[in-house]
Amino acid sequence: DRSLDVVNAISSLAQSALIGGMLAVSVIFLFLRSFRSTLIIGSAIPISALSVFVCMYMMRQVFSSAITLNLMSMMGLMVAIGMLVDPAVVALENIYRKRFDDGQDAWTAALEGSREIGMPVLAASLTTICVFVPVVFVTDSRSSLFMRDFALTVCISVAASFCVALSIIPLAAS
């Protein structure tokens, strides 16, 4: 029965993703040396991952998409975990710079800091998405269906991390 192999493989991938997320948060703590900053940035990983699952569900229910939670989509999420924190780090560091170096209050620093880095973070996110979008439209072979799940998961993850970096991170930092 192949279903047991698939369940075991997805379980293994989920465990690897969890370990990868914890390692990413540990590295962030090692560099920032602030529990609060690490907690704020670390929250970007589960929020973005949950957003991916919600988007996948909505794509299946509303748009009748064929995307499923399979090995390829889970691997796409694993690949994206490292990229999920990048916009959050940039946003939080700019907000802290505005707050502590420029002496602004928390609310103003959050607004101006996120407004200031919005376009560069958008450009970086769109660049990453542009790398994976062509894979979504390749329909030559049978394996392209699996790669489509991988590419869609990475694209959704990057878009979710952009939204988290410009909404949740400034809210948590203020």
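Throughout what follows, the structure given in this document is the object of discussion. These numbers come from a predicted model, not from an experiment.

Thoughts on the environment of Ser167
Here is step 1 of the chain: As for its placement among the helices and strands, Ser167 is situated in helix H7 (residues 143-173).
Here is step 2 of the chain: Accessibility expressed as a relative area gives 39% for Ser167, which makes it partly exposed.
Here is step 3 of the chain: Counting along the chain gives 52 residues from Ser167 to Arg115, while the straight-line C-alpha distance between them is 11 Å.
Here is step 4 of the chain: A distance of 2.5 Å separates a polar side-chain atom of Ser167 from the backbone oxygen of Cys163.

Comments concerning the packing of aromatic side chains
Given two aromatic rings, their pairing is described by the distance between the two centres and the angle made by the two planes.
Here is step 1 of the chain: Inspection of every chain in the model, using the stated rule, returns two aromatic pairs.
Here is step 2 of the chain: Each ring, one from Tyr96 and one from Phe100, has its centre 5.5 Å from the other, and the planes form 85 degrees; the classification is edge-to-face. Placement of the pair is Tyr96 and Phe100 together in helix H5 (residues 86-101), with a separation of four residues, close to one helical turn.
Here is step 3 of the chain: Note on Tyr96: relative accessible area 16%, which makes it buried.
Here is step 4 of the chain: On the basis of relative accessibility, which here comes to 56%, the residue Phe100 falls in the exposed class.

What to know about the packing of helix H1 (residues 2-32) against helix H4 (residues 71-84)
Here is step 1 of the chain: Between H1 and H4, the shortest axis-to-axis distance is 10 Å and the interhelical angle comes to 5 degrees. Looking at the two axes, H1 sits roughly parallel to H4. Between H1 and H4, the residues in contact are Ala9, Ile10, Leu13, Ala14, Ser16, Ala17, Gly20 and Gly21 and Leu71, Met74, Met75, Met78 and Ile81, respectively.
Here is step 2 of the chain: For the contact of H1 with H4, a count of residues per class yields ten nonpolar, three polar and no charged.

Considering the pattern of salt bridges
Here is step 1 of the chain: What the rule picks out here adds up to three salt bridges.
Here is step 2 of the chain: A salt bridge links Asp102 to Arg97, with the shortest nitrogen-to-oxygen separation between them at 4.0 Å.
Here is step 3 of the chain: For Asp102, a relative accessible area of 43% corresponds to the partly exposed category.
Here is step 4 of the chain: Relative accessible area serves as the criterion here: at 32%, Arg97 is assigned to the partly exposed category.
Here is step 5 of the chain: Through salt bridges with shared partners, a single network forms among Arg97, Lys98, Asp102 and Glu116.

Parameters at a glance
- Residues numbered from 1 in each chain as written.
- Predicted model: local features only at pLDDT ≥ 70, side-chain atom pairs only at ≥ 80, totals over all residues.
- Heavy atoms only, no water.
- Helix = DSSP H or I, 4+ residues; strand = E, 2+ residues; numbered from the N terminus.
- Buried < 20%, exposed > 50% of the residue type's maximum accessible area, 1.4 Å probe, protein only.
- Polar contact = N/O pair within 3.5 Å; in protein donor to acceptor, adjacent residues only side chain to side chain.
- Phe/Tyr/Trp six-rings, centres within 6.5 Å; stacked < 30°, edge-to-face > 60°.
- Axes fitted to C-alpha atoms, helices over the stretch in contact; angles between N-to-C directions.
- Parallel < 35°, antiparallel > 145°, perpendicular 65-115°, else oblique.
- Contact = heavy atoms within 4.5 Å.
- Nonpolar A, V, L, I, M, F, W, Y, C, P; charged D, E, K, R; others polar.
- Salt bridge = Lys/Arg side-chain N within 4 Å of Asp/Glu carboxyl O.

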